[in-house]
Amino acid sequence: MSRRPATRTRPARTAAAAAQQAAGVTVRHYCQGIGDCHLLTFKKADGTPFRMLIDCGIHVSIAGGPALVGDIVADIRKETGGKIDILVVTHEHWDHVSGFLTAKDLFKDFVVADVWMAWTENPADAEATELGKFKGQAITALQGVGQKLDGMQGLSSYMAGVRDGLQSVLGFQFGAAGERVRSARDAAAKLSQKPSPTYFEPGGPPVSIDGLPNLRVYVLGPPRDKAALRLEEKASEMFPLASGGPFARALASGLKMNEAADADYVDELSPFERNVGTPLSAALNGDKGSDPAVDIGAYVRKHYSGPVSAVAAMEDRDQSWRRIDADWMGIAADLALQLDRGVNNTSLVLAFEFIDSARVLLFPGDAQIGNWLSWKELKWPVGQGTVTSADLLARTVYLKVAHHGSQNATPQKQGFDLLTSPDLSAFIPTNKVDAVKVHWGEMPYDGILTALETKTKGRVIRADDPWLADKNGKPAFAAPSGSIQAVRSAPRDAARGPGGLWVEVDLA
């Protein structure tokens, strides 16, 4: 059983000191929906503000997204004067970093003292380099498959689903103009006044910040364990990053063979020599082939691709249901899943502990199951006691919900069941309407919403809450309540459509 460090013993406080602590931190959540951007303002010992910005991005599918992010960055500048003490980049997904590229002209005059990133983004780390190579190969292969499927007609329902799924995954990797997510991540890194970002991994001592003696920051993820990075939904469902290499290689070979730009290219995975037979694409376009006795084009239309004349014999009717020429690209679905879940599990996960009250704020990025489960054995010697991850979760009074409230982003036993504080409150960066548009199904997931509502006694704020569109809007719960002392919000400019620009909470 863990023991609380002796340093948590609370000294007697005057009423003035108690009032000062009551405004422990203000968190301004920006409400772009499918995207994260959070501005944390702590009060330093000398009374001046300490600003921490966590991510700044929006999913590529959101109409007018870059303009909305521009409004967000302008608001951050107005609020902070362009001075950020720490910029945290949780992971390499477009909806978390796009703003550093699309709004780079607005960010260029910011003064950012330090940038925090996970070890997975460190170019000097051998394991991070290996992971980065996989991501690069996978993105290239998936982009090629996506482009090919977009140009094909008569896809089966399964392959049409693969195509739509690829569009969704690639939305995390590319901007509307085809920018790569790595360019956005690197643009964020360059904002630092230090020569390079500060990289973190679990296992080190809690981080202390100059000027904030009452705050400790614990790093819970991402894990070093490759098995944890692979884990997506259940222990029985593993999608190994290691197999991404062969998947990407097979797709790349097939794409290159189909392009036929290089007459000397040899596909080592093909069972036939290149000069054997007639390319299917040629037959589909009516090529009769080299054998004058056989019309290959007519044969393919009659027995494979269809449709044929409505008055033809039954055996000559539309045979397009037989087509399998796109099915080899079906492994793209597995590769896309590995890429998406693997990158989410590389999220930098931070727990902020206020020493005198022992209360914790948890910001898990988009951590999914593998990342969460990897925290189970973490412990930190602090003062005369030991702090465990279970201890931090039990004392969490404020949760930034991971991955927009998706079904596989927060575990039950090692997540919700450990969040036992009666003062728990939560924010979900989500937009249900936009999630449906990009074929994500139920996001936020009803089971997670129900669990949150129960755990927090209704103290849940969503980025798509209707009341945020009203400058005088208020949440359904009363404030102060739980960890929330006050709530403020600002609607978007009418030109950006309905909804809130930000919602801000004072947390004790």
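Residues numbered from 1 in each chain as written. Predicted model: local features only at pLDDT ≥ 70, side-chain atom pairs only at ≥ 80, totals over all residues. Heavy atoms only, no water.

Chemist: Requested: an account of the overall build of the protein chain, with residues and values cited.
Modeler: Scanning the protein chain from terminus to terminus reveals 17 helices and 17 strands. When burial is assessed residue by residue, the protein chain has 52% of its 508 residues classed as buried. In the protein chain, of all internal contacts separated by at least 6 residues, the share reaching a separation of at least 24 is 69%. (Helix = DSSP H or I, 4+ residues; strand = E, 2+ residues; numbered from the N terminus. Buried < 20%, exposed > 50% of the residue type's maximum accessible area, 1.4 Å probe, protein only. Contact = heavy atoms within 4.5 Å.)

Chemist: Quick rundown of the pattern of salt bridges? Include the residues and the values.
Modeler: In a structure, side chains of opposite charge can pair up when their charged atoms sit close to one another. This model, assessed by the stated rule, comprises 21 salt bridges. A salt bridge links Asp 125 to Arg 224, with the nearest nitrogen and oxygen atoms 2.6 Å apart. Pair noted here: Asp 125 is in the loop between strand 5 (111-118) and helix 6 (126-150) and Arg 224 is in the loop between strand 8 (212-221) and helix 9 (226-230), with a separation of 99 residues, a long-range link. According to the relative accessible area criterion, Asp 125 is buried, its value standing at 13%. The structure contains a network of salt bridges with shared partners spanning Arg 28, Arg 51, Asp 75, Glu 79, Arg 488, Glu 504 and Asp 506. (Salt bridge = Lys/Arg side-chain N within 4 Å of Asp/Glu carboxyl O.)

Chemist: I'd love a proper account of the packing of aromatic side chains, names of residues and values included.
Modeler: Counting across every chain of the model gives eight aromatic pairs. Taken together, a centroid distance of 5.0 Å and an interplanar angle of 55 degrees make the contact between Phe 107 and Phe 110 tilted. No difference in accessibility class separates Phe 107 from Phe 110, as the two residues are buried. Pairwise contacts between aromatic rings join Phe 42, Phe 352, Phe 354 and Phe 363 into one cluster. (Phe/Tyr/Trp six-rings, centres within 6.5 Å; stacked < 30°, edge-to-face > 60°.)

Chemist: So what's going on with the side chain of Ser 483? Which residues, and what values?
Modeler: By the element assignment, Ser 483 lies in the loop between strand 15 (460-462) and strand 16 (484-491). On the basis of relative accessibility, which here comes to 0%, the residue Ser 483 falls in the buried class. Residue contacts for Ser 483: discarding those within four places in its chain leaves Arg 359, Val 397, Tyr 398, Asp 423, Ser 425, Asp 506, Leu 507 and Ala 508.

Chemist: Any chance you could break down the sheet that holds strand 4 (residues 83-88) for me, citing the residues and the numbers?
Modeler: Within the open sheet, the eight strands sit side by side as 6-5-4-3-2-1-17-16. Their pairing is mixed. Two strands in the sheet have a free side with no partner beyond their single neighbour: strand 6 (198-200) and strand 16. Between one strand axis and the next, the sheet turns through 20 degrees on average, direction left out of account. Direction of pairing for strand 1 (residues 25-30) relative to strand 2 (residues 38-43): antiparallel, over a ladder of five bridges. Residue pairing across strands places Arg 28 opposite Leu 39, the latter belonging to strand 2. (Pairing = 2+ DSSP bridges. Axes fitted to C-alpha atoms, helices over the stretch in contact; angles between N-to-C directions.)

Chemist: Go over the sheet that holds strand 7 (residues 207-209), please, and point to the residues and values.
Modeler: The mixed open sheet is built from seven strands, whose spatial order is 7-8-9-10-13-14-15. Two strands in the sheet have a free side with no partner beyond their single neighbour: strand 7 and strand 15. Each strand of the sheet is rotated relative to its neighbour by a mean of 20 degrees, with strand direction disregarded. When strand 8 meets strand 9 (residues 349-354), the two strands line up antiparallel, connected through six bridges. Across the sheet, residue Leu 215 finds its bridge partner in strand 9, namely Phe 354. Sitting on the sheet, helix 17 (residues 446-456) is in contact with strand 13 (396-400), strand 14 (425-428) and strand 15, with an inclination near 150 degrees to strand 14.

Chemist: Could you give an account of unusual backbone geometry, naming the residues involved and the relevant values?
Modeler: A cis amide bond, omega 15 degrees, links Gly 221 with the succeeding residue Pro 222. Tracing the chain through its elements places Pro 222 in the loop between strand 8 and helix 9. Omega for the bond connecting Ala 479 with Pro 480 falls within 30 degrees of zero, at 5 degrees, which places this linkage in the cis form. Looking at the element boundaries, Pro 480 is found in the loop between strand 15 and strand 16. Unlike most non-glycine residues, Asp 55 shows phi in positive territory, near 65 degrees.

Chemist: Give me the lowdown on the state of the cysteines, citing residues and values where you can.
Modeler: One pass over the full model with this rule turns up zero disulfides. Cys 37 takes part in no disulfide bond, and the closest cysteine sulfur to it belongs to Cys 56, at a distance of 3.8 Å. (Disulfide = S-S within 2.5 Å.)

Chemist: Outline the nonpolar core, supporting the account with residue identities and numerical values.
Modeler: Grouped together as the largest cluster of nonpolar side chains are 38 residues, with contacts concentrated most on Leu 40, Phe 42, Met 52, Trp 116, Ile 209, Phe 352 and Leu 361. Here this core takes four residues from strand 8, the largest share from any one element. Ignoring sequence-local partners within four residues, the contact set of Leu 361 consists of Val 25, Val 27, Leu 350, Ala 351, Phe 352, Phe 354, Val 397, Tyr 398 and Leu 507. Ranked by size, the runner-up nonpolar core spans 37 residues in total, among them Cys 56, Leu 68, Val 181 and Ala 490. (Core = buried A, V, L, I, M, F, W, Y, C linked by side-chain atoms within 4.5 Å.)

Chemist: Got a sec to walk through the pairing of strand 5? Specific residues and values, please.
Modeler: With six of eight residues buried, strand 5 is to be regarded as a mostly interior element. As paired strands, strand 4 and strand 5 are joined by five bridges and run parallel to one another. Looking at strand 5, one finds that Ile 84 is bridged to Val 112. Sheet topology note: the strand 5/strand 6 ladder contains three bridges and is parallel. Note that in strand 6 the partner of Ala 118 across the bridge is Phe 200.

Chemist: A description of the environment of Leu 106 should follow, citing residues and the corresponding values.
Modeler: For Leu 106, the position within the fold is in helix 5 (residues 104-107). Since its relative accessible area comes to 39%, Leu 106 is described here as partly exposed.

Chemist: Give a description of helix 12 (residues 296-305) that names residues and reports values.
Modeler: Within helix 12 the residues assigned to the buried category are Gly 297, Val 300, Tyr 304 and Ser 305. The buried residues of helix 12 occupy an angular sector of 75 degrees when the element is viewed end-on, so they sit on one face. (Arc of directions from axis to C-beta.)

Chemist: So what's going on with helix 8 (residues 181-189)? Which residues, and what values?
Modeler: By the burial criterion, the buried members of helix 8 are Val 181, Ala 184, Arg 185, Ala 187, Ala 188 and Ala 189. Taken together, the buried residues of helix 8 touch strand 4, helix 3 (94-97), helix 4 (99-102) and strand 5.

Chemist: Explain the environment of Asp 493 to me, and be specific about the residues and the numbers.
Modeler: Looking at the secondary structure, you find Asp 493 in the loop between strand 16 and strand 17 (500-507). Its relative accessible area of 48% is what places Asp 493 among the partly exposed residues. Remark: the alpha-carbon pair of Asp 493 and Ala 469, spanning 24 residues in sequence, is separated by 9.7 Å. A distance of 2.7 Å separates the side chain of Asp 493 from the backbone nitrogen of Ala 495, its partner in a polar contact. (Polar contact = N/O pair within 3.5 Å; in protein donor to acceptor, adjacent residues only side chain to side chain.)

It is worth stressing that arrangement in space is one thing and function is another; only the former is reported here.
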